[in-house]
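# Observations on chain architecture
Below, each chain spelled out in residue letters.
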Amino acid sequence: MHRHLAASLPALDAMLRASSSTAPLLGALQALLRATASAAAVLFAEYAEGVCRDGAKVLPMDGTVHPLTAQVLSYLKRLLGYDNAAQVMYGHISEQDDNYIGDVSAWAAAAGGSGDQQHESSSGGKDGSSAARRALSAGIARLLMQLQDNLEAKSRAYKNEAIAALFMMNNVHYVQWSVESSAALGLLGVEWLERHKDMVEDWGARYHDITWMPIINMLKAEPPSDVSRLKVMLKETFAAFNASIDRIYTHQSGWTIPDHMLRAAVKRVIKDDLLETYQAFMRRYADVEFTSNPAKYIKYAVSDVASIIDDDLFETKAVSMSKLSLAREKLGAIG
């Protein structure tokens, strides 16, 4: 409404100003224009509060991007598609206003502090005053922070901490990618972007620590000096490794990382850490005759584990134990 009224007002002003009897109507239209601008700022703040309070309980079973995240970023894209959005919503404030200083400055700091300068240089200042740009920047930073807080609260409903971390990694990455490829980057700034890239890495590392580090640490454990105890340790280690790979294959083949580059990066870290460690473990104890039936314990070759990581993890597949058995046969596991 504001856009159409603002576009029409100059022509209406030229028509109505010629008659003193229409001056009140012109004044009313100008007041309506200001009211719609003020309402836009109020609605934006209310929308952010609504995101903060969103209580949807259903979580994606595969850990993908939550509908709320997609909705918020779509809303921002539409908002920033309006010309002079900052000036329209916040053109009435100045940096000396108490409300501006109290309500906006803290959120502007959350935006990284450099967005205003970047936006001014990239857009030639067409989005209005510095105070208005900083206010919009702060509002967007607040909205995205409230979204993230809500997502973290939702993630705690997952019974599995690994998928909770994967869910947060997917959602923060979607926010970061969406901002990076939109006009929001000019408002939020490079510091905000780099901080969120770090968050993506942190959530990915948390997933890795929960899922894979217990296996890696188990394979790196120092062996006992006693031969009989060593044989027992090898049997227990191979059994635990097989059970872990079975469990991960069964569950995490049904999970997803929608962004193909992020998915490839996560798989690369898993392979770099796990396969080298497993290969070293296999070589270290290759000459130890710990059982008369090696096939009972050595169910996965290194290449088998690599194939599972490459072809099955995060591919949103429904995997049954019977399918797992067939997969083992196809992989040509030792036995």
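These lines cover the structure that appears in this document, whether it is placed above or below. (Residues numbered from 1 in each chain as written. Predicted model: local features only at pLDDT ≥ 70, side-chain atom pairs only at ≥ 80, totals over all residues. Heavy atoms only, no water.)

## Describing the overall build of the chain
Here is the rule we go by: Only runs of H or I of at least four residues qualify as helices and only runs of E of at least two qualify as strands under DSSP, and these elements are numbered from the N terminus. A 1.4 Å probe rolled over the protein chains alone gives each residue an accessible area, and that area as a share of the maximum for its type sets the label: buried under 20%, exposed over 50%, partly exposed in between. The contact criterion used throughout is that any non-hydrogen atoms of two residues lie within 4.5 Å.
Within the chain, the secondary structure is distributed over 15 helices and 0 strands. Put simply, the chain has 335 residues, and 44% of those count as buried. The long-range fraction of contacts in the chain, counting pairs at least 24 apart against all pairs at least 6 apart in sequence, stands at 82%.

## Points about unusual backbone geometry
Phi angles above zero are rare outside glycine, and Phe 314 is one such case at about 60°. Among the structural elements, Phe 314 can be located in the loop between helix H14 (302-311) and helix H15 (321-331).

## A look at the nonpolar core
In plain terms, the rule: Nonpolar core, defined: a set of buried Ala, Val, Leu, Ile, Met, Phe, Trp, Tyr and Cys residues in which side-chain atoms within 4.5 Å join the residues together.
One finds Leu 136, Leu 144, Tyr 207 and Trp 212 to be the most contacted residues of the largest nonpolar core, which totals 80 residues. Counting residues per element, this core draws most heavily on helix H8 (residues 161-180), at 11 residues. When sequence neighbours within four positions are dropped, the list of residues in contact with Tyr 207 reads Ala 162, Ala 165, Leu 166, Trp 212, Gln 252, Trp 255, Val 266, Ile 270 and Phe 314.

## Topic: the environment of Thr 250
Note the cut-off: Throughout this description, a polar contact denotes any pair of N or O atoms lying within 3.5 Å of each other; where both atoms belong to protein, one of them has to be capable of donating a hydrogen while the other can accept it, and for residues adjacent in sequence the pair is counted only when both atoms sit in side chains.
Within the secondary structure, Thr 250 is located in helix H11 (residues 227-252). On the basis of relative accessibility, which here comes to 18%, the residue Thr 250 falls in the buried class. Thr 250 sits 63 residues away from Leu 313 along the chain, and the two C-alpha atoms are 9.2 Å apart. Side-chain polar atoms of Thr 250 contact the backbone oxygen of Asp 246, separated by 2.7 Å.

## Focus on the pattern of salt bridges
As a reminder of what qualifies: By salt bridge we mean one thing: a side-chain nitrogen of Lys or Arg within 4 Å of a carboxyl oxygen of Asp or Glu.
Counting across every chain of the model gives 9 salt bridges. One salt bridge connects Lys 154 with Asp 54, and the closest N-O pair in it is separated by 2.9 Å. Within this pair, whereas Lys 154 is found in helix H7 (residues 130-155), its partner Asp 54 is found in the loop between helix H2 (23-53) and helix H3 (67-80), the two being separated by 100 residues in sequence. Taking the relative accessible area as the measure of exposure, Lys 154 reaches 7% and is therefore buried. When its relative accessible area of 27% is taken as the criterion, Asp 54 is described as partly exposed. The salt bridge partner of Lys 197 is Glu 180, with a shortest N-O separation of 3.6 Å.

Geometric values such as these leave the question of function open.
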